[in-house]
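# Close look at the chain arrangement
Below, each chain spelled out in residue letters.
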Amino acid sequence: KLLKGYTSHEIAKRLNIKDVFWQSGYHDHLLRDRRDFESRLSYMHDNPVRSGLVKSAEEYPFSTAHPDYQKEIDWAWLEGVEDNRGKNAAPTGT
């Protein structure tokens, strides 16, 4: 909560806005394991689709789902992150 309060105050001050910055009901989430990471990543990739901006996640130009940015995820680093069954999960590429 402190981080949200601080950042929203600073952003509003710097951009000279009075609107609410954070989406209502937003809560941060600690990624617990590889499966959790992949689930959250998939959710984020689908946001532009749910919003009607694109028909598929790969079409959105500001996403790691886009072919130009898929390489930005360090899957080699994630190989050491265990899934919630206690074993390493293979990259999904999403």
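Quick look at the structure, then. In this text the structure is predicted, and so the values were computed from the model without any measurement.

Glancing now at the overall build of the protein chain. For the protein chain, the helix and strand inventory stands at 3 helices and 0 strands. In sequence order, the secondary structure elements of the protein chain are arranged as α-α-α. Looking at the protein chain as a whole, 22% of its 94 residues qualify as buried.

Looking now at helix H2 (residues 34-50). A rise of 1.5 Å per residue sets the reference length of H2, with its 17 residues, at 24 Å; its end C-alpha atoms lie 24 Å apart and thus fit the reference within 8%. Within H2, burial applies to Arg34, Asp36, Glu38, Leu41, His45 and Pro48. Those residues of H2 that are buried are in contact with helix H3 (75-78). For H2, the N-terminal capping position is held by aspartate 33, with its side-chain oxygen 3.2 Å away from the main-chain nitrogen of arginine 35. At the C-terminal side of H2, glycine 52 shows a positive phi close to 80°.

Turning our attention to the packing of aromatic side chains. The tally for this structure, following the rule as stated, stands at 1 aromatic pair. Judged by centre distance (5.7 Å) and plane angle (75°), the ring pair of tyrosine 60 and phenylalanine 62 falls under edge-to-face. For tyrosine 60, a relative accessible area of 23% corresponds to the partly exposed category. Phenylalanine 62 sits in the exposed class, given a relative accessible area of 69%. In this structure, arginine 50 is placed above the aromatic ring of tyrosine 43, and the distance from its NZ or CZ to the ring centre is 4.2 Å.

A word on the side chain of histidine 66. Assignment of secondary structure puts histidine 66 in the loop between H2 and H3. For histidine 66, a relative accessible area of 16% corresponds to the buried category. A polar contact of 3.0 Å, which involves the side chain of histidine 66, links it to the backbone nitrogen of aspartate 68. Apart from the residues within four sequence positions on either side, histidine 66 is in contact with Ala57, Glu58, Glu59, Tyr60 and Pro61.

The subject of this paragraph is the pattern of salt bridges. A full pass over the atoms with the stated rule returns 3 salt bridges. A salt bridge links glutamate 38 to arginine 34, with the shortest nitrogen-to-oxygen separation between them at 2.6 Å. Separated by 4 residues within a single helix, glutamate 38 and arginine 34 lie in helix H2, roughly one turn from each other. Through salt bridges with shared partners, one network takes in Arg32, Asp36 and Arg40.

About the cut-offs
Residues numbered from 1 in each chain as written. Predicted model: local features only at pLDDT ≥ 70, side-chain atom pairs only at ≥ 80, totals over all residues. Heavy atoms only, no water. Helix = DSSP H or I, 4+ residues; strand = E, 2+ residues; numbered from the N terminus. Buried < 20%, exposed > 50% of the residue type's maximum accessible area, 1.4 Å probe, protein only. Expected span 1.5 Å × (residues − 1). Contact = heavy atoms within 4.5 Å. Polar contact = N/O pair within 3.5 Å; in protein donor to acceptor, adjacent residues only side chain to side chain. Phe/Tyr/Trp six-rings, centres within 6.5 Å; stacked < 30°, edge-to-face > 60°. Lys NZ or Arg CZ within 6 Å of the ring centre and 35° of its normal. Salt bridge = Lys/Arg side-chain N within 4 Å of Asp/Glu carboxyl O.

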